[in-house]
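# Coordinate analysis (summary)
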Number of protein chains: 2
Amino acid sequence: AGPGRAMRAAALAVALAVTAVALAVAAWRRTRPVREVLFFPSRPCCIEGLLAEAAEPGVPARPCPCPLPSGDTALSRLVRRLLSARRSLDLCLFCFSCPQLGRAVQLLHRRGVRVRLVTDAQYMGLHGSQIGRLRHAGIQVRHDQHSGYMHHKFAIVDQRTLITGSLNWTSQAIQSNRENVLVVEDAEYVKAFQDEFERIWEEYNPANYSFF
Amino acid sequence: AGPGRAMRAAALAVALAVTAVALAVAAWRRTRPVREVLFFPSRPCCIEGLLAEAAEPGVPARPCPCPLPSGDTALSRLVRRLLSARRSLDLCLFCFSCPQLGRAVQLLHRRGVRVRLVTDAQYMGLHGSQIGRLRHAGIQVRHDQHSGYMHHKFAIVDQRTLITGSLNWTSQAIQSNRENVLVVEDAEYVKAFQDEFERIWEEYNPANYSFF
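For clarity, every value in this text was computed on a predicted model and none was experimentally measured.

### Observations concerning the sheet that holds strand E4 (residues 140–143) of chain A
- Reading across the sheet, the 7 strands line up as E1-E7-E6-E5-E2-E3-E4 (chain A) and stay open at both edges, with mixed pairing between neighbours. Pairing within the sheet leaves two strands with one partner each, and these edge strands are strand E1 (35–40) and E4 of chain A. On average, adjacent strands in this sheet sit at an angle of 15° to one another, irrespective of strand direction.
- Relative to strand E7 (residues 179–184) of chain A, strand E6 (residues 161–165) of chain A runs antiparallel, the two being bridged by 4 bridges. In the sheet register, Gly-165 of chain A faces E7 of chain A, and the bridge partner there is Val-181 of chain A.
- Across the sheet, helix H7 (residues 187–203) of chain B touches E1 and E7 of chain A, and the angle it forms with E1 of chain A is around 20°.

### Re the pairing of E6 of chain A
Residues and elements named next belong to chain A.
- Across the 5 residues that make up E6, a large majority, 5, are buried.
- Both faces of E6 are covered, namely the face carrying Thr-161, Ile-163 and Gly-165 and the face carrying Leu-162 and Thr-164.
- Hairpin geometry of strand E5 (residues 153–157) and E6 is characterised by an intervening segment of 3 residues between the two adjacent antiparallel strands and by a positive phi of about 50° at Asp-158.

### Section: the pattern of salt bridges
- Overall, the coordinates contain 28 salt bridges over all chains when judged by the stated rule.
- For Arg-116 of chain A, the salt bridge goes to Asp-90 of chain A, with nearest N and O atoms at 2.9 Å. With a gap of 26 residues between them, Arg-116 of chain A in strand E3 (residues 114–119) and Asp-90 of chain A in strand E2 (residues 88–93) connect regions that are remote in the sequence. A single burial state applies to Arg-116 of chain A and to Asp-90 of chain A, both of which are buried.
- Across the pair Arg-35 of chain B and Glu-188 of chain A runs a salt bridge whose closest N-O atoms are separated by 3.5 Å. Pair noted here: Arg-35 of chain B is in strand E1 (residues 35–40) and Glu-188 of chain A is in helix H7 (residues 187–203), and the two residues belong to different chains.
- A relative accessible area of 40% places Glu-188 of chain A in the partly exposed class.
- Members of the salt-bridge network, linked through shared partners, are Arg-35, Asp-186 and Glu-188 of chain A together with Arg-35, Asp-186 and Glu-188 of chain B.

### Brief notes about the interface of chain B and chain A
- Taken together, the contacts link 46 residues of chain B with 46 residues of chain A.
- Taking both sides of the interface into account, the surface hidden between chain B and chain A amounts to around 3,700 Å²; carbon and sulfur atoms contribute 59%.
- Residue Arg-178 of chain A pairs with Glu-203 of chain B through a salt bridge whose shortest N-O separation is 2.5 Å.
- Our count for the contact surface shared by chain B and chain A stands at 22 residue pairs in polar contact (both at pLDDT 80 or more).
- Counting residues per element, the ones that place at least two in the side of chain B that touches chain A are helix H1 (2–30), E1, strand E5 (153–157), strand E6 (161–165), helix H6 (171–176), strand E7 (179–184) and H7 of chain B.
- When residues of the side of chain B that touches chain A are assigned to their parent elements, the largest contribution, 10 residues, is made by H1 of chain B.
- A class-by-class count of the residues in the side of chain B that touches chain A yields 22 nonpolar, 12 polar and 12 charged.

### Examining the domain arrangement of chain A
- The domain boundaries assigned to chain A delineate domain 1 (1–32) and domain 2 (34–208).
- Just the C-alpha atoms count here: the centres of domain 1 of chain A and domain 2 of chain A sit 47 Å apart.

### Focus on empty space enclosed by the protein
Residues and elements named next belong to chain B.
- Inspection of the entire model under this criterion finds 2 cavities of 30 Å³ or more.
- The calculated volume of the largest cavity comes to roughly 50 Å³.
- Lining of the largest cavity is provided by Leu-78, Lys-153, Phe-154, Ala-155, Ile-163, Thr-164, Gly-165, Ser-166, Leu-167, Trp-169 and Val-181.
- Mapped onto the lining of the largest cavity, the elements with two or more residues apiece are E5 and E6.
- Residue classes in the lining of the largest cavity are distributed as 7 nonpolar, 3 polar and 1 charged.
- Computed from the structure, the second largest cavity encloses a volume of approximately 40 Å³.

### Observations regarding the pairing of E7 of chain B
Residues and elements named next belong to chain B.
- A large share of E7 lies buried, amounting to 6 of its 6 residues.
- With 6 bridges connecting them, E1 and E7 associate as antiparallel partners. Note that in E7 the partner of Leu-38 across the bridge is Val-181.

Cut-off values and rules
Residues numbered from 1 in each chain as written. Chains lettered and ligands numbered in written order. Predicted model: local features only at pLDDT ≥ 70, side-chain atom pairs only at ≥ 80, totals over all residues. Heavy atoms only, no water. Pairing = 2+ DSSP bridges. Helix = DSSP H or I, 4+ residues; strand = E, 2+ residues; numbered from the N terminus. Axes fitted to C-alpha atoms, helices over the stretch in contact; angles between N-to-C directions. Contact = heavy atoms within 4.5 Å. Buried < 20%, exposed > 50% of the residue type's maximum accessible area, 1.4 Å probe, protein only. Salt bridge = Lys/Arg side-chain N within 4 Å of Asp/Glu carboxyl O. Buried area = accessible area lost by both parts, 1.4 Å probe. Polar contact = N/O pair within 3.5 Å; in protein donor to acceptor, adjacent residues only side chain to side chain. Nonpolar A, V, L, I, M, F, W, Y, C, P; charged D, E, K, R; others polar. Domains from an automatic or database assignment. 1 Å grid on protein atoms, 1.4 Å probe; cavity = no way out; pocket = protein on both sides within 12 Å on 5 of 7 lines; lining within 4 Å. Points joined across faces, edges and corners; volume = space filled by probe spheres on them.

Rendered as structure tokens:
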């Protein structure tokens, strides 16, 4: 019985080790962070369905009468990522004039998501800028007072998903330019950008203004 | 001796399993891709030492007489990453007017690194643009013929390290703007950008020009 028991014990130990490795691999796969790249220009698309679904989840959206297709595009993917916010959306944007993205952000604000927006003082007044509308809707906006541009173009969803790249949030950029956007969940990148956001947010706190 | 042998066999199996896991962890750590974020504006800095070291590795560089410090800055880190290229450097840049980065790229070209550059047709003629110098030095440059901007600002070192973000390669952006640059080695991101580069490179192949 000696060799038999030894074999059984060894087989059991190996089986346990194999199970442990399999579980570790499964855990790694499950928590594997999202990695996505979006390239622009995006095909034009209708995002009414996405907005309606986000406004009233589960309620079938009425078909939109506009002639645009509602397919899977770089823009629709970007909008989907933004609309996934449940708690917070931190935006750090050189310029923001795309009405579709403006509506998505307003919807999140109405849904109770805490939206904070930092933008560039010179570009916030550009033709078609969404900043006035967003402020009007009650969204907190801060802007810099420096001579250099606040040239970031990133968003952080729920302090967990970083959306960053070359894309300014303008219709021209979305529809006409070659642009890239990375969707990143790796904690190291996200933390670096979240810290940068908090630094800028505090630096441009109106309570610290000294010019009036 | 039966229980003793069983215990020994089990202990051996466990020891093997532990060793296997330790080796796997070590392998994972060793191949763990670089993840770095650079924020700008960068403190001004002298990169002469970096360029000299890259031009003649091992030869002590003569101290630069300029008054700038040669410390660790966002710019020096960016330059270091570029100068690490051994085989190839693919550049996809909306505008390129920073003389320091221009010198780094020229040095790589002289050292035998295959440099390819895609840029924006409208912005390549901007005041201070490095594009003319780079072409003069023999570096292959292609530019788009579309109305939208070629607004990417990324570099790929040795088809392995992606350097991308909001930063245009201008002294103004480096010294004055709030900007971000990600250094990425995750294969998924790198492949997506390399494919985008090859697409644009081929699309703007002068052999396909139809306007003359």
